[in-house]
Amino acid sequence: MPPKAIPEYGPFLVFEGVEGAGKTTQASLLAEWLELCGKKFTISREPGGTEVGEAIRHVVQNRPDIEVPRKTELLLYLAARAAFVRDVVRPVLERGELFIADRFSMSTYAYQGYGRGLELNEVYRLDRFATDGLVPDLYLVLDLSVETGRDRQKASDKNNDRLELSGDEFLEAVRSGYHELVNSDDRAHLIDANGTIDEVHNRVKNLLRREMPATFALLGD
């Protein structure tokens, strides 16, 4: 019997960044652009996208009244990711279609590794187990100072979640972690998140056209 063909995976890109950098806004704008261009895609947030993922999200982010030890926090995020990869991401990629995620593994490296101080090699190992080794083709890391991110969230009347309530020192460590991660990963790129929403959106589009030309180069404005 001949070996089974390896499926041709679709492109997988992820928005990352510090609190208030505009990940969700920019992911939504990208989705609107793709719809206008007639490009087929799926977009989802992480943790989330599945029933168990949304339940975990509620506990680890929206229940600051519950004490969650840092190792427990890590394992909860990874449990949500395992379901997300199996039930949401892989089926799309195996159809050869584009998948866009609002956060993925790099968030865990930045927040639980650099922010919480967990041993990075162990975080990497556990994440590989949760994802079955699936890695994005491209990380778009929106970069913004912690102070500016705080100001944006106050202006939007957004309630702080558990991570945001961890304090500026924690968030500064997360931002520094993102910078180190980008410097060590050719698939990751920093995008200046200062300026207007449209200015950042144009930076996103320009980077996508440059880094994923087969998917984005021919799409109009």
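The paragraphs below set out a description of the structure included in this document.

1. Considerations on the environment of Arg 187
Here's step 1: The residue Arg 187 is located in the loop between helix H7 (168-183) and strand E5 (188-192) in this model.
Here's step 2: The exposure class of Arg 187 is partly exposed, given its relative accessible area of 29%.
Here's step 3: For Arg 187 and Val 135, which are 52 residues apart along the polypeptide, the C-alpha to C-alpha distance reads 9.6 Å.
Here's step 4: The residues contacting Arg 187, other than those within four sequence positions of it, are Val 135, Pro 136, Asp 137, Leu 138 and Tyr 139.
Here's step 5: A distance of 2.8 Å separates the side chain of Arg 187 from the side chain of Asp 185, its partner in a polar contact.

2. Examining the pairing of strand E3 (residues 98-102)
Here's step 1: Burial of E3 is extensive: 5 of the 5 residues sit out of reach of the surface.
Here's step 2: Relative to E3, strand E1 (residues 12-17) runs parallel, the two sharing 4 bridges. Its bridge partner lying in E3, Val 14 is registered against Ala 101.
Here's step 3: Sheet topology note: the strand E2 (residues 41-45)/E3 ladder contains 5 bridges and is parallel. Within the sheet, the bridge partner assigned to Ser 44 lies in E3 and is Ala 101.

3. Observations concerning the pattern of salt bridges
Here's step 1: As enumerated under the stated definition, the model contains 15 salt bridges in all.
Here's step 2: A salt bridge links Asp 65 to Arg 63; the nearest nitrogen and oxygen atoms lie 2.7 Å apart.
Here's step 3: Of the residues examined, Arg 63 reaches a relative accessible area of 30% and is grouped as partly exposed.
Here's step 4: With its nearest N and O atoms 2.9 Å apart, the salt bridge here joins Arg 116 to Glu 73. Taken together, the residues span a long stretch of sequence, with Arg 116 in the loop between helix H4 (105-115) and helix H5 (120-131) and Glu 73 in helix H3 (residues 70-94) at a distance of 43 residues.
Here's step 5: Of the residues examined, Arg 116 reaches a relative accessible area of 21% and is grouped as partly exposed.
Here's step 6: Taking relative accessible area as the criterion, Glu 73 reaches 1% and is therefore assigned buried.
Here's step 7: Several salt bridges share partner residues, and in doing so they unite Glu 16, Glu 19 and Arg 103 into one network.

4. Points about H5
Here's step 1: End to end, H5 covers 16 Å across 12 residues, agreeing with the expected 16 Å (1.5 Å per residue, within 8%).
Here's step 2: Contact partners of the buried residues in H5: H3 and H4.
Here's step 3: Asp 132, located one to two residues past H5, shows a positive phi value of around 55 degrees.

5. Section: the packing of aromatic side chains
Here's step 1: Within this structure, the stated rule accounts for 8 aromatic pairs.
Here's step 2: Look at Trp 33 and Phe 216: their rings are 6.1 Å apart centre to centre, the planes differ by 15 degrees, and that puts the pair in the stacked class. Here Trp 33 is found in helix H1 (residues 23-36), whereas its partner Phe 216 is found in helix H9 (residues 213-216), with 183 residues between them in sequence. Each member of the pair, Trp 33 as well as Phe 216, is classed as buried.
Here's step 3: An angle of 80 degrees between the planes, with centres 6.3 Å apart, marks the rings of Tyr 111 and Tyr 178 as edge-to-face. Taken together, the residues span a long stretch of sequence, with Tyr 111 in helix H4 and Tyr 178 in helix H7 at a distance of 67 residues.
Here's step 4: A network of ring pairs unites the aromatic residues Phe 12, Phe 84, Phe 99 and Phe 104 as a single cluster.

Each value, and the rule that gives it
Residues numbered from 1 in each chain as written. Predicted model: local features only at pLDDT ≥ 70, side-chain atom pairs only at ≥ 80, totals over all residues. Heavy atoms only, no water. Helix = DSSP H or I, 4+ residues; strand = E, 2+ residues; numbered from the N terminus. Buried < 20%, exposed > 50% of the residue type's maximum accessible area, 1.4 Å probe, protein only. Contact = heavy atoms within 4.5 Å. Polar contact = N/O pair within 3.5 Å; in protein donor to acceptor, adjacent residues only side chain to side chain. Pairing = 2+ DSSP bridges. Salt bridge = Lys/Arg side-chain N within 4 Å of Asp/Glu carboxyl O. Expected span 1.5 Å × (residues − 1). Phe/Tyr/Trp six-rings, centres within 6.5 Å; stacked < 30°, edge-to-face > 60°.

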